[in-house]
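Breakdown of the fold
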Amino acid sequence: MTDTTTSQPDSSVVKSIIEAGIRLGLLFLLAAFSLKILSPFINLVLWATIMAVAIYPLFQWLTRKLGGRTKTAAAVFVLVSLALILVPSFIFFGGAIDESKEMTARLEAGTLTLPPPSPQVAEWPVIGEQAYELWSQASRNLQETLSVYEDQVQAVVRWGLGAIGGLGGTVLQFVLSILIAGLLLANAEAAVKGVTAVASRFFGQDARDMVVLSEKTIRSVTIGVIGIAVIQAILSLIGMAIIGVPLASLWALLVLVLAIVQLPPIIVLGPVMVYAFAAKSTTAAIFFLIYGLLVSGSDAVLKPLLLGRGVDVPMLVILLGAIGGMILSGIIGLFIGSVILALGYKLFMTWLHPAAESRV
């Protein structure tokens, strides 16, 4: 009698466990399949969310100026953002194509020449003599020099074409992210409620504080790191355009990448300064030398003004996030990675030391 009564509860418990396991397995499969379907859009949605959070105070001001018309403010944001992305992109791609055609035509006609190097080039450490000799040879007969290094030149050309193609894909990603960000801003209140509801499932009573901390961190890193990098890239582009540096847009893009990964723009601007002294007038070269040094050191002034207003995040976290994001997802990952890793760092540190982080 005892064995019969005890076996019935045991069998019901086993049955309940099996049914719960089946339900969890089905939910897991559904979630995994849904994630796989949405995986091409994850980066777009993440970057759109980051943009929406970073721009939200300005969006609120614009909404008030437009008499509380949220949809109109969102449309203005989308149009202005698309203009800021597409107009420079058309200028860059158009300029790159025109310059490439001109250089190819001049090379085929034998009229493309390089100015002879300055004697100071030979004094560069390690590579000075080799660089001076190669530069001198190219200035005397560019076609012959290129024929000697034909394989290397073709590799550089292939890399350049691949980079331009990748930039085109990145521009498309930015356009789609701007459209998604506009939708998020147009439904900002519902989006905040949804995020708070999800956060409450993970953090309980601290959900609201975590949402506020996330908002501050995203805005701080976006404005204080990415914003500074964009400013330095734009200033670099202006300076190079003034003195007529070829492919100035490409070098400005490299400045942007280096600035986001917390490397000084002088890495790009330094060789441009050398080029300016070798190929431009002394006045133009001295101007760009001073201008480039100011641009490269501008982060010392901009970071306390912009990054200091938000949440403090170690630069190593920004560096690892930017590099890891770029390796994982290309240029757009450069922006997403720095913000996401900084956000994860702040939430983790808050979880470890809630009392200390709550004073930030």
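Residues numbered from 1 in each chain as written. Predicted model: local features only at pLDDT ≥ 70, side-chain atom pairs only at ≥ 80, totals over all residues. Heavy atoms only, no water.

1. What about the overall build of the chain?
The helix and strand tally for the chain stands at 14 helices and zero strands. The order of α-helices and β-strands along the chain, N terminus first, is α-α-α-α-α-α-α-α-α-α-α-α-α-α. Buried residues in the chain amount to 32% of all 360 residues. Contacts spanning at least 24 positions in sequence make up 65% of the contacts within the chain whose residues lie at least 6 apart. Carbon and sulfur atoms make up 71% of the accessible area of the chain, which totals about 21,600 Å². (Helix = DSSP H or I, 4+ residues; strand = E, 2+ residues; numbered from the N terminus. Buried < 20%, exposed > 50% of the residue type's maximum accessible area, 1.4 Å probe, protein only. Contact = heavy atoms within 4.5 Å. Areas by Shrake-Rupley, 256 points an atom, 1.4 Å probe, with all protein chains shown as cover.)

2. Structural notes on the nonpolar core
Nonpolar side chains in soluble globular proteins tend to end up buried together. Ranked by size, the top nonpolar core spans 41 residues in total, and within it Trp47, Val221, Ile260 and Phe335 carry the most contacts. Within the residue set of this core, elements represented by two or more residues are helix H1 (2-65), helix H2 (70-109), helix H5 (150-186), helix H7 (207-243), helix H8 (248-260), helix H12 (315-329) and helix H13 (331-352). If we skip the residues at most four places from it in the chain, Val221 touches Ile226, Val313, Ile318, Ser338, Val339 and Ala342. Of all hydrophobic cores here, the second largest spans 17 residues; its members include Ala252, Val272, Ala276 and Ala285. (Core = buried A, V, L, I, M, F, W, Y, C linked by side-chain atoms within 4.5 Å.)

3. Details of the side chain of Ser338
Tracing the backbone through its elements, the reader meets Ser338 in helix H13. Other than its neighbours up to four places away in sequence, Ser338 contacts Val221, Ile226, Ile318, Gly321 and Ala322.

4. As for the confidence of the model for the chain
The pLDDT averaged across the chain works out to 78; a share of 81% of its residues lies at or above 70. Element-level mean pLDDT values for the chain span from 57 in helix H14 (residues 354-357) up to 89 in helix H10 (residues 282-297). (pLDDT = per-residue confidence, 0-100.)

5. A few points about the layout of surface pockets
Taken as a whole, the second largest pocket holds about 1,600 Å³ of empty space. Taken together, 42 residues form the lining of the second largest pocket, with Leu84, Ile85, Phe174, Val230 and Ile234 sitting closest to its centre. Mapped by element, the contributors of at least two residues to the lining of the second largest pocket are H1, H2, H5, H7, H8 and H13. Class assignment of the residues belonging to the lining of the second largest pocket gives a composition of 35 nonpolar, six polar and one charged. (1 Å grid on protein atoms, 1.4 Å probe; cavity = no way out; pocket = protein on both sides within 12 Å on 5 of 7 lines; lining within 4 Å. Points joined across faces, edges and corners; volume = space filled by probe spheres on them. Nonpolar A, V, L, I, M, F, W, Y, C, P; charged D, E, K, R; others polar.)

6. Points about a nonpolar patch on the surface
Together, Phe33, Leu35, Ile37, Leu38, Phe41, Ile42, Val45, Leu46 and Ile340 give the surface a local cluster of nonpolar side chains, amounting to about 800 Å² of exposed area. Considering each element in turn, the nonpolar patch owes the most residues, eight residues, to H1. Position of Leu35 among the secondary structure elements: in helix H1. (Patch = residues over 30% accessible without salt bridge, like charges linked within 9 Å, V, L, I, M, F, W, Y side chains within 5 Å. Salt bridge = Lys/Arg side-chain N within 4 Å of Asp/Glu carboxyl O.)

7. Here's the deal with the packing of aromatic side chains
Per the stated rule, a full pass over the model turns up three aromatic pairs. Geometrically, the ring pair formed by Trp47 and Phe174 is edge-to-face, given 5.9 Å between the ring centres and 85 degrees between the ring planes. Residue Trp47 is found in helix H1, and its partner Phe174 is found in helix H5; the two are separated by 127 residues along the sequence. (Phe/Tyr/Trp six-rings, centres within 6.5 Å; stacked < 30°, edge-to-face > 60°.)

8. Topic: the environment of Ser236
Structurally, Ser236 is set in helix H7. It is 9.3 Å that separates the C-alpha atoms of Ser236 and Leu256, two residues lying 20 residues apart in sequence. Excluding its chain neighbours within four sequence positions, the residues that come into contact with Ser236 are Val255, Leu269 and Val295.

9. With respect to the environment of Leu46
In this structure, Leu46 sits in helix H1. The spatial distance from the C-alpha of Leu46 to the C-alpha of Ser177 is 8.4 Å, given a sequence separation of 131 residues. Those residues in contact with Leu46 that sit more than four places away from it in its chain are Ile336 and Ile340.

10. Some points on helix H3 (residues 128-140)
Taking 1.5 Å as the rise per residue, H3 with 13 residues should run 18 Å; its terminal C-alpha atoms sit 18 Å apart, in good agreement. Here H3 has its buried residues at Gly128, Trp135, Ser136, Ala138 and Ser139. Seen end-on, H3 carries its buried residues on one side only, within an arc spanning 165 degrees. Structural note: H3 exposes Glu129, Gln130 and Arg140 on the side pointing more than 90 degrees away from its buried face. (Expected span 1.5 Å × (residues − 1). Arc of directions from axis to C-beta.)

11. Quick notes on the packing of H8 against H13
In helix packing, the relevant descriptors are the interaxial angle and the interaxial distance, both defined with respect to the helix axes. Direction vectors running N to C along H8 and H13 enclose 25 degrees, while the axes themselves pass 10 Å from each other. In terms of orientation, H8 and H13 fall into the roughly parallel class. In this structure, H8 crosses over H13, and the sense of that crossing is left-handed. Contact residues: H8 offers Leu256, Val257 and Ile260, while H13 offers Ile331, Leu334 and Phe335. Here the contact of H8 with H13 is built from residues that sort into six nonpolar, no polar and no charged. (Axes fitted to C-alpha atoms, helices over the stretch in contact; angles between N-to-C directions. Parallel < 35°, antiparallel > 145°, perpendicular 65-115°, else oblique. Left-handed = near helix turned anticlockwise from the far one by under 90°.)

12. Observations concerning H12
For H12, built from 15 residues, the straight-helix expectation of 21 Å at 1.5 Å per residue is met to within 8% by its first-to-last C-alpha distance of 21 Å. Inspection of H12 places Val317, Ile318, Gly321, Ala322 and Gly325 among the buried residues, and these make up the whole buried set. For H12, the angular spread of the buried residues around the axis is 125 degrees, confining them to a single face. Exposed side of H12, more than 90 degrees from the buried face: Leu316, Leu320 and Ile327 are the residues found there. Taken from the residues just after H12, Gly330 is the one with a positive phi, measuring 80 degrees.

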